[in-house]
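The chain contents come next:
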Amino acid sequence: MKKYRLIAIFFVGLLAITACDKVEAPYGEKIPPIPAECEQVTFSELNMDSVKKVVLLEEVTGIKCPNCPIAHERLHELEELYGYQLAVTGIHASANAAPSNPPLDYDLRTDDGNEISDYLFGQTIPFAPTAFIQRQYNDINILDDGYFYNLNDWQTKIDQLLQQSPEAFLQMINVYDSVENSFCCHVKTTMFEDYNGDINLSIYLVEDSIIGAQDVEGDIVEDYVHMRVFRKSLLNVWGVPIGINLDEESAESVYKFDLEDAWIPKNCSVVAFISDSETREVIQATSEHLIK
Amino acid sequence: MKNLYKLLLAVVILPANLIAQNVQQGQVHGNFQTDIQYYQEDEDIGATEVPAKLGMNSFANIIYTNGNFEAGMRFETYQNALKGYDGRLDGTGLPHKYAKYTDDDFSVTVGDFYEQFGNGLIFRSYEDWSLGFDNAVRGIRVKTKPFDGVTIKGIYGNQRYFMEFNESIVRGADGEISLNELLPSMEEAKTKIMFGGSVISRFQELGENIIKDSIILDIPENVSAFSGRMNIIHGKINVLGEYAYKINDPNLSNNYIFKDGQAAFVSAGYSQKGLGFSVSAKRIDNFDFRSDRNASPIVNALNLNYLPALTKMHHYTLTAMYPYATQPNGEMALQAELIYKFDKKTALGGKYGTTVNVNYSRANTIKHEGIAVDSVNNAHFEGYNSDFFAIGDTLLYEDINIQIKKKFSKKLKGVFTYMNLAYNQDIIEGHPGAPMVYANIGAVDMTYKINTKNAIRGEAQYLSTKSDEGDWAYGLIEYSVAPKWFFSVMDQYNIGNEDKDRRFHYYTGSVVFVKNAHRVALSYGKQRRGLLCVGGVCREVPASNGITLTVSSRF
């Protein structure tokens, strides 16, 4: 037998002895308790007049998307109109966000943002501007067959959602430590009715005032101010269970997060929301500046 | 339009000038295809505006062979990718390139390659241009036949992910033994027996913690799958079977459970002149296997394996309107097919003979038995139990169809098809709450040969259903001038839509020119939103209105 056949068999045999990691119960370890460095906070009593539905709108955008600046202006108008009842993030994803020739050679995409848009877009990636709203399937425009809404339908969908009474309410207090460049995030979830399903809590970090180039209707604006840019999911991208789903139950969650050096704390906001752990549909949201 | 013409010149003339050449006893050959679409906004049918107006997908394979040596590359460009293709197919590059040495019993490939172990249950890498799917492996492949009748292969590398490559490492080996070649005593035997076995393993670093029910999951970084297969051929009878097993693979598709996965496929067939019969069955349980555990289950990318759909591939527009997509996390399926040809000059065969094809396909979910929450050992993280032989209650797909092919005279022949369909739109297409689609579909396809060069073909189809968008009617007329020209017009009409304002016509006119290895197809019209599926792997096709040009060539 030629020598190389022996080498080939040896090589192949080596491959056949492959590693595999068989995992036994209990399949993991419990999440550590409240970080010792985070001091306890006191949440204010809920004023039932201000307990209203808060809608999460996740715009999918990109630096090469020429029509997206129009959407950004519209988002600003909607934020002015709805105030705290609208929480917004801008996820840079898909081909429109990929870096290309200077000055459009920087990258605002993130692995978490890609995972969110991949999952919700599925195999159909509509043309921007488009957004996920409460991660609900589009029931406004039957021609948009998916979880996305085009710009013309955003206000209609938000109005529809704000008519609903909230199943729960979120309160959030963030305490920033400038020495460690970290913050403690306290979230209290209060249920107002029984929910049929398990509920996850997600916490995202967004950043305003990132200066960079943007295609604005065919022209490149080099000092465009990007707002509400999605930076990271601070927990598992699809959230962690909060362990409650019945009327009048409440749960307080505390986490300590380190900020990355590239993020400017005074420009950061924290968006927290609860969602159905199976369908991933958003139930309630809230948004607060990191430093008030 | 000027730009379109210049683009056409650039992408057609340059590669079309490449002809098979002898270069010091070496040869260059390959193929090329470009698909260009010009989009018009059409709000009625949901065809959205395309800022660039045009989309283009193109590739060219160039292969050099010289004796035992072969090297090749594929150039691909997406400027922008056609609607319906994943937006990460973007830009221009050489995403596929390789070099290969092959002799009688040894082969080594370095670079990008496609390979399949057995029936593909644990490993298959391939590409399908129409789906925008390519999961080639970049690395090393070795094949050897150390003895007659024994073939061993090994692979090692990373999988392609659109225009890039995934970081996870894939390695595997496959061995196959043909007893008839190995054992002299079986060389002349009428019964041919083959055994095979494979293993595939994926290494992926953990990355960010995955948390479930307040538990940081102990995610396995090495996940392996194993399979064994057998094939027996005796005269006109062919029986084959394969069983595959995957160890714990918590992933996004199965909601990060630690249950093992299983897949089994069996098939038996009988075939002789004028008669063929086959029956196949499969079971899949938690077998979505990808290079990336966090890959979206609804994106066709990074699949390590291939789970075929046991359904007939329908070629008529309305019979193919509701195609089946394999459910990798759980399905049990059955398919039976009978083909019989009534001899010519018999009562049922007529003057020229008549072929009848009857096919039955059915797919159900598998049974799940929940596991009680166990807060001490987290036994419920196994996900569920499922009896191997129990069939789930939910029908996914059922298709009974009969097709008759008959030649009436030297000039006239026809194909007649009837299909009865049950289609679970909720699960197959991911439309929560959508009701089952029950449909009856008929298609008549007649061809009349005017003379040796000219022929005219007509199709008439009708789909009757009370679900989804209601009834559809379809008509096509095609005139061909052999061997080069084909002209056709067709219309697909949503005749039964409950909303009369949405009873749209999707008309198309096309011209196709074929000369030797070159083909140019130009069409104008409307495309309905739908699904394109090949072997159970599907891509969504969005609605569109405009001009489509396809140019392909082999050299």
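Notes on the structure in this doc start here. Bear in mind the structure is a predicted one, so any value in this text is a computation, not a measurement.

## Focus: the overall build of chain B
Now for step 1: A count of helices and strands for chain B gives three helices and 36 strands.
Now for step 2: Computed over the C-alpha atoms, the radius of gyration of chain B is 26 Å, within 12% of the 24 Å expected from 2.2 N^0.38 for a compact globule of 555 residues.
Now for step 3: Considering chain B as a whole, with its 555 residues, one finds that 51% of them fall into the buried category.
Now for step 4: In chain B, of all internal contacts separated by at least 6 residues, the share reaching a separation of at least 24 is 59%.

## Side note on the pairing of strand 18 (residues 222-234) of chain B
All names here are of chain B.
Now for step 1: Where strand 15 (residues 191-203) meets strand 18, 13 bridges bridge the pair, whose relative direction is antiparallel. Within the sheet, the bridge partner assigned to glycine 196 lies in strand 18 and is arginine 229.
Now for step 2: Sheet topology places strand 18 next to strand 19 (residues 237-246); ten bridges connect them, and they run antiparallel. If you follow methionine 230 over to strand 19, its bridge partner there is glycine 241.
Now for step 3: What sits between strand 18 and strand 19 in their antiparallel hairpin is a turn of two residues, with glycine 235 showing a positive phi close to 60°.

## Structural notes on the nonpolar core
Most often, soluble globular proteins keep nonpolar side chains buried together rather than apart.
Residue and element names in this part refer to chain B.
Now for step 1: If you look at the biggest cluster of nonpolar residues, it comprises 49 residues, and the most contacted ones within it are Phe123, Ile200, Tyr397 and Leu463.
Now for step 2: Listing elements by their share of this core, those giving two or more residues are strand 18, strand 20 (261-272), strand 26 (391-407), strand 27 (412-423), strand 28 (437-449) and strand 30 (472-481).
Now for step 3: Aside from chain neighbours lying at most four places away, what touches phenylalanine 123 is Glu115, Gln116, Phe117, Val137, Ile155, Ile200, Leu304 and Asn305.

## Structural notes on the state of the cysteines
Residues and elements named next belong to chain A.
Now for step 1: Tallied over the full model, the rule gives three disulfides over all chains.
Now for step 2: When the bonded cysteines of chain A are numbered from the N-terminus onward, they pair as 1-4, 2-3.
Now for step 3: In this structure cysteine 185 is a free cysteine whose sulfur lies 8.9 Å from that of cysteine 184, the closest cysteine sulfur available.
Now for step 4: Overall, cysteine 185 belongs to the buried group, its relative accessible area being 0%.
Now for step 5: Cysteine 185 provides the cysteine sulfur closest to cysteine 268, a residue in no disulfide bond, and the two sulfurs are 13 Å apart.
Now for step 6: Assessed through its relative accessible area of 0%, cysteine 268 is described here as buried.

## Regarding the sheet that holds strand 7 (residues 182-191) of chain A
Residue and element names in this part refer to chain A.
Now for step 1: The strand order across the open sheet formed by three strands is 6-7-13, and the pairing between neighbours is antiparallel. The two strands at the open ends of the sheet, each matched to only one other strand, are strand 6 (168-177) and strand 13 (250-258). Neighbour-to-neighbour, the strand axes of this sheet turn through a mean angle of 15°, independent of strand direction.
Now for step 2: Across ten bridges, the pairing between strand 6 and strand 7 is antiparallel.

## What to know about a nonpolar patch on the surface
Residues and elements named next belong to chain B.
Now for step 1: A grouping of Phe277, Val279, Leu334, Leu338, Tyr340, Val358, Ile402, Ile404 and Tyr418 is seen on the molecular surface, where their side chains present a nonpolar patch of about 670 Å² in accessible area.
Now for step 2: Here the nonpolar patch gets three residues from one element, more than from any other, and that element is strand 22 (residues 330-342).
Now for step 3: Positionally, tyrosine 418 belongs in strand 27.
Now for step 4: Here tyrosine 418 falls in the partly exposed class, since its relative accessible area comes to 38%.

## Things to note about the interface of chain A and chain B
Now for step 1: Tallying the contact residues gives 48 residues for chain A and 76 residues for chain B.
Now for step 2: Roughly 4,900 Å² of surface becomes buried between chain A and chain B when both sides are summed, with 59% attributable to carbon and sulfur atoms.
Now for step 3: On the surface where chain A and chain B come into contact, there are two salt bridges.
Now for step 4: In this structure, A:Lys22 engages B:Asp260 in a salt bridge whose closest nitrogen and oxygen atoms are separated by 2.9 Å.
Now for step 5: One can count ten residue pairs in polar contact (both at pLDDT 80 or more) joining chain A with chain B.
Now for step 6: A breakdown of the residues in the side of chain A that touches chain B according to their chemical character gives 29 nonpolar, seven polar and twelve charged.

## Comments concerning empty space enclosed by the protein
All names here are of chain B.
Now for step 1: Under the definition given, this model contains four cavities of 30 Å³ or more.
Now for step 2: Estimated volume of the largest cavity: approximately 160 Å³.
Now for step 3: Counting only elements with at least two residues in the lining of the largest cavity, the list comes to strand 4 (69-78), strand 9 (127-128), strand 10 (133-134) and strand 12 (150-161).
Now for step 4: Among the elements that take part in the lining of the largest cavity, strand 4 stands out by supplying three residues, more than any other.

## Observations concerning the side chain of B:Asn222
Now for step 1: Relative to the helices and strands, B:Asn222 resides in strand 18.
Now for step 2: There is a polar contact of 2.5 Å between the side chain of B:Asn222 and the side chain of B:Arg171.
Now for step 3: When sequence neighbours within four positions are dropped, the list of residues in contact with B:Asn222 reads A:Ala19, A:Cys20, A:Asp21, B:Arg171, B:Arg202, B:Phe203 and B:Ile247.

## Concerning the packing of aromatic side chains
Now for step 1: One pass over the structure, following the stated rule, counts 25 aromatic pairs over all chains.
Now for step 2: With a centroid separation of 5.0 Å and 55° between ring planes, the pair formed by A:Phe121 and A:Phe132 is classed as tilted. Remark: A:Phe132 occurs in strand 4 (residues 130-133) and A:Phe121 occurs in helix 3 (residues 111-121); sequence separation between them is eleven residues.
Now for step 3: Residue classification places A:Phe121 among the buried positions, given a relative accessible area of 8%.
Now for step 4: Overall, A:Phe132 belongs to the buried group, its relative accessible area being 0%.
Now for step 5: Against the face of B:Phe287 rests B:Lys246, its NZ or CZ located 5.9 Å from the ring centre.
Now for step 6: Over the ring of B:Tyr85 we find B:Arg539, and its NZ or CZ is 3.9 Å from the ring centre.

## Observations regarding a positive patch on the surface
Now for step 1: Judged by side-chain charge, B:Lys273, B:Lys341, B:Lys344, B:Lys345, B:Lys351, B:Lys405, B:Lys407, B:Lys410, B:Lys411, B:Lys413 and B:Lys449 come together as a positively charged surface patch.
Now for step 2: For B:Lys410, the position within the fold is in the loop between strand 26 and strand 27.

## Details of the pattern of salt bridges
Now for step 1: Under the counting rule described, the total for this entry stands at 36 salt bridges over all chains.
Now for step 2: In this structure, A:Glu288 and A:Lys292 form a salt bridge, with 2.7 Å as the shortest nitrogen-oxygen distance.
Now for step 3: For A:Lys292, a relative accessible area of 82% corresponds to the exposed category.
Now for step 4: A salt bridge links B:Asp288 to B:Arg290, with the nearest nitrogen and oxygen atoms 2.8 Å apart.
Now for step 5: One salt-bridge network, held together by shared partners, links B:Arg74, B:Glu76, B:Asp134 and B:Arg160.

## Points about the pairing of strand 14 (residues 169-178) of chain B
All names here are of chain B.
Now for step 1: Where strand 12 lies against strand 14, eight bridges are found, and the strand directions are antiparallel. Residue valine 150 lies in a different strand from strand 14, and its bridge partner there is isoleucine 177.
Now for step 2: Where strand 14 lies against strand 15, ten bridges are found, and the strand directions are antiparallel. Across the sheet, serine 178 pairs through a bridge with methionine 194, a residue of strand 15.

Cut-offs used in this document
- Residues numbered from 1 in each chain as written.
- Chains lettered and ligands numbered in written order.
- Predicted model: local features only at pLDDT ≥ 70, side-chain atom pairs only at ≥ 80, totals over all residues.
- Heavy atoms only, no water.
- Helix = DSSP H or I, 4+ residues; strand = E, 2+ residues; numbered from the N terminus.
- Rg over C-alpha atoms; globule rule 2.2 N^0.38 Å.
- Buried < 20%, exposed > 50% of the residue type's maximum accessible area, 1.4 Å probe, protein only.
- Contact = heavy atoms within 4.5 Å.
- Pairing = 2+ DSSP bridges.
- Core = buried A, V, L, I, M, F, W, Y, C linked by side-chain atoms within 4.5 Å.
- Disulfide = S-S within 2.5 Å.
- Axes fitted to C-alpha atoms, helices over the stretch in contact; angles between N-to-C directions.
- Patch = residues over 30% accessible without salt bridge, like charges linked within 9 Å, V, L, I, M, F, W, Y side chains within 5 Å.
- Areas by Shrake-Rupley, 256 points an atom, 1.4 Å probe, with all protein chains shown as cover.
- Salt bridge = Lys/Arg side-chain N within 4 Å of Asp/Glu carboxyl O.
- Buried area = accessible area lost by both parts, 1.4 Å probe.
- Polar contact = N/O pair within 3.5 Å; in protein donor to acceptor, adjacent residues only side chain to side chain.
- Nonpolar A, V, L, I, M, F, W, Y, C, P; charged D, E, K, R; others polar.
- 1 Å grid on protein atoms, 1.4 Å probe; cavity = no way out; pocket = protein on both sides within 12 Å on 5 of 7 lines; lining within 4 Å.
- Points joined across faces, edges and corners; volume = space filled by probe spheres on them.
- Phe/Tyr/Trp six-rings, centres within 6.5 Å; stacked < 30°, edge-to-face > 60°.
- Lys NZ or Arg CZ within 6 Å of the ring centre and 35° of its normal.
- Lys, Arg positive; Asp, Glu negative; His and termini not counted.
- Charge placed at Lys NZ, Arg CZ, Asp CG, Glu CD.

These results come straight from atomic positions and should not be treated as a statement about function.
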